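Here's the letter readout for the chains.
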Amino acid sequence: MCESNRRMLIKVVSILFTIISICALLFGCKTDEDTKPTNPHPTTPKHTTVPTEEPTLPDYFDFTSKESLDIIDQYENFLNSWEFMDSISSVDVDSTYEYAFLDSNQDGKPEMILSAKSKKAYKEYFFDYDSSDDEVVLLDGFDVCDKTKLNTKNNGFFVSSKNKDEYRYTLYYIKEDSLKPEIQYGEQNGQYFIAEFGENDDTVDYDDFTSCSADNFKSFSDSNLELDWKELDIKSEISSTSTPYSSILKKCQYPEGNLFDIDGNGIKELIFISNSTANIYTMANGQAVAILENEELTQPYGAPHIRIYVINEYGRNYLVLHAENGETGEGAVRHGFWNTYNVNGSSCYIENSIEYEYKYNNDDTRTTNYINSTYGHSSYEEMKRWEENLDVLLKIDTMNNDDDGLSEGELLKKVLE
C-alpha cells in the first residue's frame, strides 16, 4: 500500500471512531451490568429483625415542676412519719412497703400508690393530695397479687388480683377524686375473657364477661409498664426500736388494741386482743406489768364476737371484757358474758358481771333463755338498752372497724412514740 493510501485509511478509521463516540453520548449505551436480568422476587436477608418499640412512661409523668415536687414532699412526709398507718388496714410487723407515683387523671399533680406486703396479705392503697385541706387522702385499697402497672395504651393502670386459679386485671382511672374501673380482663386455665363496667358500677358479674382472644389480652398486657417503685424502709426501724410495751407486742400474734389510762394515775395501760385473749399491761418501775394476761374470751360455741371497753360509771373508769359466741342466723342460740373490772395500778378485780343466753326469733327479736346480772337485768333486751346508754371511753371490737382498736403496725407505732 502506498503512503498516501495508508494515511487515507487512518483518517477514515478516526472519523468512524469519532462518529461512534458521539452516538454513544447522544443515545446512551448499556453496559454488561445493565443487561443483567433483575430478580422479580427480591428476598429479605435472613436474620433481619424489625425493632419493636418498648412502652415508655408518658410525658405527663415528668414530676419535675415545683408543684409536683412539693406534692411529692407531702407524700414522703406522710410516709416517713408513719401517718399512713392510720389510713390502711392489716398492717403487720413483717410488712414491707414500696411506693410509686403516677398521674392517671393527667392534671399535672401526682397520685401515690403504696404497696404493703406481708406473709398473710398483699394490699395496695391509692392516695391523692387534697391541696384545699393540705392533706393526703386515701382513695381506695385493694387485695392484689402483683404490683399495679401503668397501661400506656389507655393511660390507666391495671390492678391485678387472684382467686384460686383465676386472675383478674382491672383497668382503673382516677376521676373526680375517686377510682373508676372501666375494663376487667380475666384469665383462667389459658382461657381469656373481658367485661366492661357500667357507668356507676364498681363490680362486674360473671354474666357480663365475654370470651376474649389471647392476642387481644396480649395487646393490653404488652403495653403494661412497671412504675418507678421505691422502698419505704420502716421495717428495720420497727424491729430495732424497743420499749417494754413493744417487746410484748412483738411476741404476740396479730394484736389489736390501744393505749388508755384506765385508773387515771397518769400511766397509760396497753390494752389489746390477741388470739381471742384479752391482755392488759401497765408500767411499774420501768417494766411492763401484767394486769390481765391471756384472759380467754371465747367459749366452746363458735362464731365469737369479742370486745374490750373502758367505760365510765358514776365518775369512775372501769375495764370491761365482753364476749359472745354461738350459732348465727334464724333460730340460733348465742351465749355471752360481760365482766366489769375495777382497775387500780397493777391489780384488778371483777366488780360486776353478766352471763346470758338468748335465741334469735323469726321476726329478728331475741328470746332470753337465761340471764344472771349483778346489775339486775331481767332480759337480754334490757341489758342491751343499758349497754347502749353507757359512757364508753374506749372500744376495741374485733368485728367492727368503726372502733378505737389499732392494728398491729399502728399499735407498735403508738407504743414506740
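Glancing now at the side chain of D128. Following the sequence through the fold, D128 ends up in strand 3 (residues 122-130). Here D128 is buried and forms no salt bridge, its nearest opposite-charge partner K109 lying at an N-O distance of 8.2 Å. If we ignore the near neighbours within four places in the chain, the residues touching D128 are Y75, P110, E111, E135, V136, V137, L139 and D177.

Attention now goes to the side chain of N317. Within the element layout of this structure, N317 appears in strand 18 (residues 316-326). Engagement of the side chain of N317 in a polar contact is seen with the backbone oxygen of I262, the distance being 3.1 Å. Excluding residues within four positions of it along the chain, N317 makes contact with F260, D261, I262, V310, I311, N312 and L393.

In the structure shown here, the tally under the stated rule is 22 aromatic pairs. Judged by centre distance (5.7 Å) and plane angle (55°), the rings of Y169 and F217 are tilted. Of the two residues, Y169 sits in strand 7 (residues 166-175) while F217 sits in helix 3 (residues 214-221), which places them 48 residues apart along the sequence. Judged by relative accessible area, Y169 falls into the partly exposed class, the value being 22%. Look at Y192 and F217: their rings are 4.7 Å apart centre to centre, the planes differ by 25°, and that puts the pair in the stacked class. In this pair, Y192 is assigned in strand 9 (residues 191-196) and F217 in helix 3, connecting sequence segments 25 residues apart. Classification of Y192 by relative accessible area gives buried; the value is 18%. Clustering of aromatic rings is evident, with ring pairs tying together F158, Y167, Y169, Y185, Y192 and F217. Directly above the aromatic system of Y122 lies the positively charged group of K117, at a separation of 4.8 Å from the ring centroid.

The pLDDT averaged across the protein works out to 81; a share of 81% of its residues lies at or above 70. Every residue in residues 29-52 is under pLDDT 50, and counting partners more than four places away or in other chains gives three contacts.

A separate point is the pattern of salt bridges. Two side chains of opposite charge can pair, provided their charged atoms sit close to one another. For the structure on display, the rule yields 10 salt bridges. The residue D70 makes a salt bridge to K66 at a minimum N-O spacing of 2.9 Å. With D70 and K66 both in helix 2 (residues 66-80) and four residues apart, the pair spans about one turn of that helix. With a shortest N-O distance of 3.3 Å, R334 and E324 are connected by a salt bridge. Highlighted residues: R334 in strand 19 (residues 333-344) and E324 in strand 18, separated in sequence by 10 residues. Side by side, R334 and E324 carry an identical accessibility label, which is buried. Where salt bridges share partners, they join D146, K149 and E226 into one cluster.

Attention shifts here to the pairing of strand 1 (residues 96-102). The element strand 1 is largely enclosed, with a buried count of five among its seven residues. Where strand 1 and strand 2 (residues 111-117) come together, seven bridges link them in antiparallel fashion. Across the sheet, the residue bridging to L102 is E111, located in strand 2. Looking at chain direction, strand 1 and strand 12 (residues 230-232) are connected through three bridges and run antiparallel.

Strand order in the open sheet formed by seven strands is 10-9-8-7-6-5-11, and the pairing between neighbours is antiparallel. At either end of the open sheet lies a strand with only one pairing partner, and these are strand 10 (210-212) and strand 11 (224-225). The pairing of strand 7 with strand 8 (residues 178-188) spans 10 bridges and is antiparallel. Following the sheet pairing, T170 is matched in strand 8 by Q184. Contacting strand 5 (149-151), strand 6 (156-163), strand 7, strand 8, strand 9, strand 10 and strand 11, helix 3 crosses the sheet at an angle of about 135° to strand 8.

On to the nonpolar core. Ranked by size, the top nonpolar core spans 33 residues in total, and within it F84, F127 and L270 carry the most contacts. Counting residues per element, the ones that place at least two in this core are helix 2, strand 1, strand 2, strand 3, helix 5 (244-250), strand 14 (269-274) and helix 7 (408-416). The greatest single-element share of this core, amounting to five residues, is contributed by helix 2. Setting aside residues up to four positions removed in sequence, F127 forms contacts with Y75, F78, S87, I88, E111, M112, L114, V136, V137, L138 and L139. Grouped together as the second largest cluster of nonpolar side chains are 19 residues, A278, V310, A323 and I396 included.

Parameters and conventions
- Residues numbered from 1 in each chain as written.
- Predicted model: local features only at pLDDT ≥ 70, side-chain atom pairs only at ≥ 80, totals over all residues.
- Heavy atoms only, no water.
- Helix = DSSP H or I, 4+ residues; strand = E, 2+ residues; numbered from the N terminus.
- Buried < 20%, exposed > 50% of the residue type's maximum accessible area, 1.4 Å probe, protein only.
- Lys, Arg positive; Asp, Glu negative; His and termini not counted.
- Salt bridge = Lys/Arg side-chain N within 4 Å of Asp/Glu carboxyl O.
- Contact = heavy atoms within 4.5 Å.
- Polar contact = N/O pair within 3.5 Å; in protein donor to acceptor, adjacent residues only side chain to side chain.
- Phe/Tyr/Trp six-rings, centres within 6.5 Å; stacked < 30°, edge-to-face > 60°.
- Lys NZ or Arg CZ within 6 Å of the ring centre and 35° of its normal.
- pLDDT = per-residue confidence, 0-100.
- Pairing = 2+ DSSP bridges.
- Axes fitted to C-alpha atoms, helices over the stretch in contact; angles between N-to-C directions.
- Core = buried A, V, L, I, M, F, W, Y, C linked by side-chain atoms within 4.5 Å.

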